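The chain contents come next:
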Amino acid sequence: MTKHAIGVDIGGTKIAVGVVDEHGAIVAKTRRKTQPQDPASIDSAIADAVAELAQNYEFHAVGLAAAGFVSADRAHVTFAPNIAWREYPLAANVSALIGRPDITVVVENDANAAGWAEYKYGAARDATNMVMLTIGTGLGAALVVDGRLVRGQYGFGAELGHFRVVPGGHACGCGHRGCWEQYASGSALVREAHRAGVERPVRSAALLELAGGSAAGITGPHVTTAAVAGDELGIELLAELGSWIGQGCASLAAVLDPELFVVGGGVIAAGDLMLEPARASYSEYLPARGHRPIASIVAADMANDAGIVGAAALAREATGE
Ligand SMILES: [Zn+2]
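Here the residue numbers are simple positions, counted from 1 along each chain's written sequence. Note on the predicted model: pLDDT of at least 70 is required for a residue's local features to be given, and 80 or more for side-chain atom pairs to be given and counted; whole-chain, interface and lining totals, by contrast, use all residues. Where side-chain values are given, they derive from all heavy atoms of the structure, hydrogens and water being excluded.

Q: I tried to follow the coordination of the zinc ion on my own but got confused; where do I start?
A: Geometry reference: four tetrahedral donors at a metal, ideal angle 109.5 degrees. Six octahedral donors, ideal angles 90 or 180 degrees. Around the zinc ion, the protein supplies His-162 (ND1), Cys-172 (SG), Cys-174 (SG) and Cys-179 (SG) as donor atoms, at distances of 2.1 to 2.3 Å. The site at the zinc ion holds four donor atoms, and with the angles between them running 103 to 119°, its shape is tetrahedral. Coordination here is defined by N, O and S atoms within 2.8 Å of the metal (3.2 Å for Na, K and Ca), and since water is not considered, a site can look incomplete. All donors of the zinc ion come from a single chain, and their spacing in sequence reads H-x9-C-x1-C-x4-C. By the criteria applied here, four donors are tetrahedral when all angles lie between 85 and 135 degrees, four are square planar and six octahedral when opposite donors are over 155 degrees apart and every other angle lies between 65 and 115, and any other arrangement is irregular.

Next comes the structure, spelled out in structure tokens:
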């Protein structure tokens, strides 16, 4: 019999809910809109979507992928930057609304869920030690060491986006300066593109045209579109982003010695325009380079579904199925 589990990807304004089989395939999907400032609306939207899917599927595990700091008991979100969760008992609230004692509800950090999906079923399925970077507006990360997801002692691992790479650098939402996320993220790419648009308008002509003439209107997809068409500045901006990714990965190699880095999230649309510079700077900055294997840096396989698939897999494993 096929064993299904539910994965829920909780975004700022909507949730995506999927029924996932034991091979990591999504067999049914539904969505709900939510209000990020009203956590109770998220609880009831999840319960409602789960009830809808329960009409046609049997399952005993529900995994919730949350963009926030998740407690070690995988039941609470202690803090989230973009949703009003503070010491929030998400698992208990959703479980009470579902009202089925035979269904286990587990909360996971969204980047950890995505990383587990890539490890189990995606780009890292043949790896044992890997790092997943989910690079969108910010930089989320997951570590798999010797085949185990690393959550740390208190549940807050692995927030690699807040690894300090530039002492005294750009201010970060975490309250500190110089975090990796401020250099290796879609926000960093857009910040540098805006700066170029203001300081180097002639060189930025292609980007400015895509943005309707306004430097402040330049987006990440504009940079990628221009770079794919051969625009020099677009290529340079993506290479700079890639270089920051590669340098950070080289420092991580000193700690973890992984065989594989998987890069997902919105910026992966830039493909090799970003990954090739990342590989080059990884090789350049790798400690003891020339005397050790070079880990691969590859694109993620699962696109936007990784959170759902990983959350479902982790929840199923938590129930022992
Ligand atoms: Zn930070």
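Q: For this particular structure, what's the right way to read the packing of aromatic side chains?
A: Aromatic ring pairs: the centre-centre distance and the angle between the two ring planes describe each pair. Stacked, tilted and edge-to-face are the three classes assigned to paired rings of Phe, Tyr and Trp, where Trp is represented by its six-membered ring and a pair needs centres within 6.5 Å; plane angles under 30 degrees give stacked, over 60 edge-to-face, the rest tilted. Scanning all chains against the criterion turns up five aromatic pairs. Ring geometry for Phe-69 versus Phe-79: centroids 6.2 Å apart, planes at 50°, classification tilted. Of this pair, Phe-69 sits in strand S5 (residues 69-70) while Phe-79 is found in strand S6 (residues 77-79), placing the two residues 10 residues apart along the sequence. Summary of the burial criterion: residues with accessible area below 20% of their type's maximum are buried, those above 50% are exposed, and those between are partly exposed, where the area comes from a 1.4 Å probe applied to protein chains only. With a relative accessible area of 24%, Phe-69 lands in the partly exposed category. On the basis of relative accessibility, which here comes to 35%, the residue Phe-79 falls in the partly exposed class. Considering the side-chain rings of Phe-261 and Tyr-282, the 5.4 Å spacing of their centres and the 65° angle between planes classify their relative orientation as edge-to-face. Helix and strand definitions here come from DSSP, where helices need a minimum of 4 consecutive H or I residues and strands a minimum of 2 consecutive E residues; each element is numbered from the N-terminal end.

Q: Would you mind going over the side chain of Glu-118 with me for this structure?
A: Assignment of secondary structure puts Glu-118 in helix H3 (residues 110-121). Positive charges come from Lys and Arg alone, negative charges from Asp and Glu alone, with His and the N- and C-terminal ends not counted. Any Lys or Arg side-chain nitrogen located within 4 Å of an Asp or Glu carboxyl oxygen qualifies as a salt bridge. Buried within the structure, Glu-118 lacks any salt-bridge partner; its nearest side chain of opposite charge belongs to Arg-125, at an N-O separation of 6.6 Å. Only 3.1 Å separates the side chain of Glu-118 from the backbone nitrogen of Asp-301, close enough to count as a polar contact. Those residues in contact with Glu-118 that sit more than four places away from it in its chain are Ala-123, Ala-124, Arg-125, Met-132, Val-262, Ala-300, Asp-301, Met-302 and Ala-306. For the purposes of these results, a polar contact is taken to be a pair of N or O atoms within 3.5 Å, where, inside protein, one atom must be able to donate a hydrogen and its partner to accept one; residues adjacent in sequence count only when each atom of the pair is a side-chain atom. Working rule for contacts: check all heavy atoms of both residues, and any pair within 4.5 Å makes them a contact.

Q: Before we go on, may I ask you to explain the sheet that holds S6 in this structure?
A: The strands making up a sheet are joined through hydrogen bonds of the backbone, oriented either antiparallel or parallel. The sheet built from three strands is open, its strands ordered S5-S6-S7 with antiparallel pairing. The open sheet is flanked by S5 and strand S7 (86-88), the only strands paired with a single partner. Here, a strand pair is defined by DSSP locating no fewer than two bridges between the strands. Summarising the sheet, S6 and S7 pair through two bridges and their orientation is antiparallel. Residue Phe-79 lies in a different strand from S7, and its bridge partner there is Arg-86.

Q: Would you mind going over the domain arrangement of the chain with me for this structure?
A: Just so you know, the domain bounds were taken from an automatic or database domain assignment. Partitioning the chain into structural domains gives domain 1 (4-116 + 305-318) and domain 2 (126-300). In this complex, domain 1 contributes 14 residues to the contact, which on the side of domain 2 involves 19 residues. Roughly 1100 Å² is buried in total at the junction of domain 1 and domain 2, and carbon and sulfur atoms are behind 60% of that figure. By definition, the buried area sums, over both parts, the 1.4 Å-probe accessible area that each loses when the two are put together. Among the residues of domain 1 in contact with domain 2, Phe-69, Asn-112 and Trp-116 are the three that bury the most area, contributing 42% of the side total.

Q: Mind showing me how you'd approach the side chain of Ser-185 here?
A: Secondary-structure assignment places Ser-185 in the loop between strand S11 (148-149) and helix H4 (186-199). Looking at Ser-185, the relative accessible area reads 1%, which means it is buried. What Ser-185 contacts, discounting residues up to four positions off in sequence, is Ile-135, Gly-136, Thr-137, Gly-138, Leu-241 and Val-267.

Q: Even after reading the chapter, I still don't get unusual backbone geometry, so can you show me in this structure?
A: Negative phi values dominate among residues other than glycine, just as trans dominates among peptide bonds. In this chain, Gly-157 is followed by Ala-158 through a cis amide linkage whose omega measures 0°. Along the chain, the position of Ala-158 falls in the loop between S11 and H4. Located in the positive-phi region is Glu-87, a residue other than glycine, with phi close to 45°. As for its position among the elements, Glu-87 is in strand S7. Its identity is not glycine, yet Ala-303 carries a phi of approximately 45°, on the positive side.

Q: What should I look at first to understand the environment of Ala-127 in this one?
A: Within the secondary structure layout, Ala-127 lies in the loop between H3 and strand S9 (130-135). A sequence separation of 41 residues divides Ala-127 from Gly-168, and the C-alpha atoms of the two residues are 36 Å apart. Those residues in contact with Ala-127, other than ones at most four positions away along the chain, are Tyr-119, Glu-259 and Leu-260.

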